[in-house]
Amino acid sequence: MIKKLTQNEIREFLPLVWDVFCEYEAPNYPEDARQMFKNAIYDEKYLSMLSAYGAYEDNEPAGIIATREAGRHVALFFVAGKYHRQGIGRRLFEAMLKDNPKDELTVHSSLYAVPVYERLGFIRTGDVQSEDGITYLPMKYVRRSI
C-alpha cells in the first residue's frame, strides 16, 4: 500500500531511511558525514519542509519518497533492501508525480542510486560532487507531455 504521509508518519520511516543509507550509501563515507546525514533526517525543521509518500508491506514501512522546495527537489528516496527491484520505488515515484504539478524535479543522487533514477527517467546534469563528505550526482527529471 502506498499513501501520502503526515508529518508524524514520516517519522515512522526514519529508521528505514537510516538503515538503507548505512547499508547502501554510507560505507565509504567518513563518520562525520554519516552523523551529519543522521542529524539532518531527524531535524524537526528539515522534516517540516517535506512532503512524502510511504509504501507499506505487511503493515511495515517498506519505502519512502519525500520532496521539498514545493515538490521541486527529491530529498529522500529509500526502499528497504529486501524490497529492491520489486517496483516499490517506481510506485512511490509515480504516486508522488501524480500529486506534484511541477514539470521538473531535481535530485542529488547517491552514486548507488544513479541507475535507479535513470530507470525513472532522470538525466545527469553535472559531474559528481561532494559536500561535507557526502558524494552525489546532480540529476533532473523532466515530465513528458502525453
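Residues numbered from 1 in each chain as written. Predicted model: local features only at pLDDT ≥ 70, side-chain atom pairs only at ≥ 80, totals over all residues. Heavy atoms only, no water.

1. What about the confidence of the model for the chain?
Turning to step 1, where the next piece is worked out: Summing up the model confidence of the chain, the mean pLDDT is 93 and the portion of residues at 70 or higher is 99%.
Turning to step 2, where the next piece is worked out: When pLDDT is averaged over each element of the chain, strand β4 (residues 73–79) comes out on top at 97 and strand β7 (residues 129–131) at the bottom at 91. (pLDDT = per-residue confidence, 0-100. Helix = DSSP H or I, 4+ residues; strand = E, 2+ residues; numbered from the N terminus.)

2. Side note on the pairing of β4
Turning to step 1, where the next piece is worked out: Buried residues dominate β4, accounting for six of its seven residues.
Turning to step 2, where the next piece is worked out: Both strand β3 (residues 60–68) and β4 contribute to a ladder of six bridges, which runs antiparallel. Each residue of the ladder has a partner; that of Ala66, found in β4, is Leu76.
Turning to step 3, where the next piece is worked out: When β4 meets strand β5 (residues 104–109), the two strands line up parallel, connected through two bridges. Across the sheet, residue His73 finds its bridge partner in β5, namely Thr106.
Turning to step 4, where the next piece is worked out: Crossover connection from β4 via helix α5 (residues 88–99) to parallel β5: handedness right-handed. (Buried < 20%, exposed > 50% of the residue type's maximum accessible area, 1.4 Å probe, protein only. Pairing = 2+ DSSP bridges. Right-handed = clockwise from strand over helix to strand, strands pointing away.)

3. A short note on helix α3 (residues 31–41)
Turning to step 1, where the next piece is worked out: Restricting attention to buried positions, one finds in α3 the residues Ala33, Phe37 and Ile41. Seen end-on, α3 carries its buried residues on one side only, within an arc spanning 70°.
Turning to step 2, where the next piece is worked out: Along its buried surface, α3 packs onto α2 (14–25), α4 (44–48), β4 and β8 (134–142). (Arc of directions from axis to C-beta. Contact = heavy atoms within 4.5 Å.)

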